[in-house]
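Coordinates in review
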Amino acid sequence: MERSVLNEYGVIGSLLLEPGLFPQASGLAAEDFALEPLRAVFRVMRRQYGETGSFDALTVRAEAGASCPDVTDELLVRTLETTPTAANLSAYIAAVQEASLGRKLSALGAELLDAELAPTEALNRAQEAIQRMAEQGGTGGEGVYLTDALSGLCDRVERQAEGKAPCVPSGLAGLDRMLGGGYINGGLHIIGARPAVGKSALALQIALNAARAGTKVVYVSLEMDPEDCTARLVANLGGGSAARYMFGGQLSQEEYGRFAEGTSKLSRVPIVFNRRSVFSVRQIEALCFREKPGLLVVDHLGLLAPPEGRLSLYEAATRNSRALKLLALRLDIPVICLCQLNRAAASDRSGDFRATMANLRESGAIEQDADTVLLLHNPPCEGDGPGAPSLLQLWLDKNRRGPTGHTEATFYMATGRIVC
């Protein structure tokens, strides 16, 4: 069996052994495989992983075999026999990409010879084709030369000069000034607070502001269902009460008017919610793989399913925190994750206690993984009463790319609206 085919078997066999490694192979295209049966298998793996976050040999065999008769039990058994472990998946992927690039270059050479083009035109066509291959395939290894990093930095500076900042603004002016423009792409951004202070309201406000500005948002709430989240957004835009929309019975004429205004403004806002109430980071990744968002919000870290059984809360939070950071880097988007505070902070009811990063619940790894940590404080104010706006202090206690500090916002609890 040719070496290139063995590497293709290695990719498929590794993914059958460890379906959770599929994101590592997501840069491959089905056309990178020389054998049509393996192309069919890889297409099915991509589709099933995108929809469910996993796949297995039986479902892959059934679906791929329906479209390609050469996908047989024997073929999949051979891939598994060829691949005793998934530890070498990255090497198999690199080898498949290299072989695919070689075939494409050979085909390009044959095409140019047959086309009988003028030398200048042939050169231009070759340059265009090679550039496309470089963009699609990624022919390098694991290292990045300084010259390549400098080139990427220059491109980044030019994009910023054109107004294309590598971040997603929160839409809250005071917070964006502290962040240097917004939440940086590829970063893990923590929002922490005691219960009922307003961290979910702040996360929804940021998601709403980003979506109304044109950024697609995936909002994963493990505390509220999509209807509850939507009721809060409608109240935010229309000025009504989310509690009335969800549990208040028949609305008054004025409330119907506000409800209609909110739903009208919200009808085309690109926000996607999770359907399930139990979600793991892997399932979040599958959802993002399908939806291609520009911003991900997770509410909240402590409710994420552990990556494997029999982990302590500390171990699960540590693993999930790191997984979210790696997910942000892979997707190159900001990931905002809400976090509860530990008992010392959560038990204070005087309003005088201001939390610090040491009060983040369960794991010291959160502080390490985070690019920014924003802690909310709701100090008692004279004149506070039902329906009255309250002061919300936003303390940026960690900012990996800039200064720390704090700003003040106004929180309209009745509607969930926050302005800064």
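In this report, we go over the structure that sits alongside the text.

Procedures and definitions
Residues numbered from 1 in each chain as written. Predicted model: local features only at pLDDT ≥ 70, side-chain atom pairs only at ≥ 80, totals over all residues. Heavy atoms only, no water. Salt bridge = Lys/Arg side-chain N within 4 Å of Asp/Glu carboxyl O. Helix = DSSP H or I, 4+ residues; strand = E, 2+ residues; numbered from the N terminus. Patch = residues over 30% accessible without salt bridge, like charges linked within 9 Å, V, L, I, M, F, W, Y side chains within 5 Å. Areas by Shrake-Rupley, 256 points an atom, 1.4 Å probe, with all protein chains shown as cover. Buried < 20%, exposed > 50% of the residue type's maximum accessible area, 1.4 Å probe, protein only. Pairing = 2+ DSSP bridges. Axes fitted to C-alpha atoms, helices over the stretch in contact; angles between N-to-C directions. Core = buried A, V, L, I, M, F, W, Y, C linked by side-chain atoms within 4.5 Å. Contact = heavy atoms within 4.5 Å.

**Focus: the pattern of salt bridges**
The final tally for this structure, using the stated rule, is 17 salt bridges. Between Arg-258 and Glu-254 there is a salt bridge; the shortest N-O distance is 2.8 Å. With a gap of four residues between them, Arg-258 and Glu-254 both fall in helix α13 (residues 253-266), about one helical turn apart. When salt bridges that share partners are traced, they join Glu-31, Glu-36, Arg-39 and Arg-43 into one network.

**Things to note about a nonpolar patch on the surface**
A contiguous nonpolar surface patch, about 390 Å² in accessible area, is contributed by Leu-146, Leu-150, Leu-153 and Val-157. With respect to the element layout, Val-157 can be found in helix α8 (residues 146-161). Since its relative accessible area comes to 49%, Val-157 is described here as partly exposed.

**Things to note about the sheet that holds strand β6 (residues 295-299)**
If you walk across this open sheet you meet the nine strands as β5-β4-β6-β7-β3-β8-β9-β10-β11, and the pairing is mixed. The two strands at the open ends of the sheet, each matched to only one other strand, are β5 (271-273) and β11 (417-419). Put simply, the sheet's adjacent strands are angled 25 degrees from each other on average, direction ignored. Pairing of strand β10 (residues 405-412) with β11, which is carried by three bridges, proceeds in the antiparallel orientation.

**Section: the nonpolar core**
One recurring pattern in soluble globular proteins: nonpolar side chains tend to sit buried together. Ranked by size, the top nonpolar core spans 46 residues in total, and within it Leu-175, Ile-191, Leu-202, Tyr-219, Val-297, Leu-374 and Leu-376 carry the most contacts. With nine residues, the single largest contributor to this core is helix α10 (residues 199-212). If sequence neighbours within four positions are ignored, Ile-191 has contacts with Tyr-183, Lys-199, Leu-202, Ile-206, Ile-336, Cys-337, Leu-338, Cys-339, Leu-374 and Leu-376.

**Digging into helix α14 (residues 281-291)**
For α14, the full list of buried residues reads Val-281, Gln-283, Ile-284, Glu-285, Ala-286, Leu-287 and Cys-288. Those residues of α14 that are buried lie in contact with α2 (22-25), α3 (36-52), β4 (217-221), β6 and α15 (313-331). Positive phi shows up at Lys-292, right after α14, with a value of about 55 degrees.

**Remarks on the environment of Ile-284**
Note on placement: Ile-284 falls in helix α14. You can call Ile-284 buried: its relative accessible area is 0%. Taking the C-alpha atoms as reference, Ile-284 lies 9.0 Å from Val-298; in sequence the two are 14 residues apart. For Ile-284, the residues in contact, after removing those within four places along its chain, are Val-220, Phe-279, Leu-296, Val-298, Leu-304 and Leu-327.

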